[in-house]
Amino acid sequence: MLRSLLILPFLAALGFSADVIKPGVRSPITFKVSPQVSDNAQIKMRMHAAETPPPYDVSLEKFDIIVPKKYKKGDPHGLFIWVSPSNAPSISPEWEAVLAEKKLIFVGAHNSGNNREVFARMRMAVDANDNLRELYDIDDKRVYVSGFSGGGRVASMLGVTYADMFTGAIAFMGTNFYTDIVSLDKSEVFEARYIPHEEIAALAKAEGRYVLVTGEKDFNLKNTSAVFENGFKKEGFKGVELINVPGQGHQPPKGEWLKKAIEFLDAGTAVKK
């Protein structure tokens, strides 16, 4: 069954599609239907969750989308699905320029901040991923999920538990892992936050690409560095990189660091220092 997209109620009634979204301009977008891959049974299986996710209806959620100005049908673009730590899916104009240069369509959900329960935040990202494939020519090798702080933690979990849908993840200043992690100085233990399905985790290790971004002054530096060394690398993930931005605190870094992270995901090779 074809999933339908609602741009605005009036336009949807007239049968309009992605053509009403002007490339290069941030636009509102909503979706009518969630894919089966984000239903209760799937998300519980993928997270080994004991609790049942609360009620969720994607048709009540709002998203923002930015399609690069040069996008054309027949020229596949990647997806950059953003999980915000706040209620608005905001990124800087500098980041928007990087995404346009790298031929990535941005989409982020409203009301998906740290005060929202994690299952809904994950489902909104999965729903955006699935629905946008109905509208745009998407490069399946470049479907990336990303976020900052608490949003980075959600993105890091999505990148593993939905490794069959996201080919890469960039976690800025916040990351979770599925085993208990001892800090590099052995002074602290960071508890496991989820348990991925074994087969999907194997796919993540073999084919997924991950960039963990922190900074010299980021209060999550110890956590992120430990997850990189004693989590991703120890568990045998083949495509993972750590970026420690000089002098950076707990804020989104400049566009050049986003660009480096995307280039790693695109190539699957180490970032040039």
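Conventions we followed
- Residues numbered from 1 in each chain as written.
- Predicted model: local features only at pLDDT ≥ 70, side-chain atom pairs only at ≥ 80, totals over all residues.
- Heavy atoms only, no water.
- 1 Å grid on protein atoms, 1.4 Å probe; cavity = no way out; pocket = protein on both sides within 12 Å on 5 of 7 lines; lining within 4 Å.
- Points joined across faces, edges and corners; volume = space filled by probe spheres on them.
- Helix = DSSP H or I, 4+ residues; strand = E, 2+ residues; numbered from the N terminus.
- Core = buried A, V, L, I, M, F, W, Y, C linked by side-chain atoms within 4.5 Å.
- Buried < 20%, exposed > 50% of the residue type's maximum accessible area, 1.4 Å probe, protein only.
- Axes fitted to C-alpha atoms, helices over the stretch in contact; angles between N-to-C directions.
- Left-handed = near helix turned anticlockwise from the far one by under 90°.
- Contact = heavy atoms within 4.5 Å.
- Nonpolar A, V, L, I, M, F, W, Y, C, P; charged D, E, K, R; others polar.
- Phe/Tyr/Trp six-rings, centres within 6.5 Å; stacked < 30°, edge-to-face > 60°.
- Lys NZ or Arg CZ within 6 Å of the ring centre and 35° of its normal.

Quick word on the layout of surface pockets
Put simply, the largest pocket is a space of about 170 Å³. Mapped onto the lining of the largest pocket, the elements with two or more residues apiece are strand 6 (138-148) and helix 6 (198-207).

Describing the nonpolar core
Ranked by internal contacts, the top residues of the largest apolar core, which has 59 residues, are Tyr136, Leu158 and Phe166. In terms of residue count, the dominant contributor to this core is helix 4 (residues 118-132) (eight residues). Ranked by size, the runner-up nonpolar core spans 24 residues in total, among them Leu104, Tyr144, Met173 and Phe264.

Here's the deal with the packing of helix 4 against helix 5 (residues 150-161)
Direction vectors running N to C along helix 4 and helix 5 enclose 65 degrees, while the axes themselves pass 10 Å from each other. The handedness of the crossing between helix 4 and helix 5 is right-handed. Together, Val118, Arg121, Met122, Ala125 and Val126 of helix 4 and Gly150, Gly151, Val154, Met157, Leu158 and Thr161 of helix 5 make up the contact between the two elements. Residue composition of the contact of helix 4 with helix 5, by class: seven nonpolar, three polar and one charged.

Quick word on the packing of aromatic side chains
By the definition in use, this model includes 13 aromatic pairs. Between the aromatic rings of phenylalanine 80 and tryptophan 82, the centroid separation amounts to 6.0 Å while the plane-to-plane angle is 15 degrees, which identifies the pairing as stacked. You can call phenylalanine 80 buried: its relative accessible area is 0%. Residue classification places tryptophan 82 among the buried positions, given a relative accessible area of 5%. An aromatic cluster is defined as three or more aromatic residues linked by ring pairs; in this entry it consists of Phe177, Tyr178, Tyr194, Tyr210, Phe232 and Phe237. Lying across the ring of tryptophan 257, lysine 260 places its NZ or CZ 5.7 Å from the centre.

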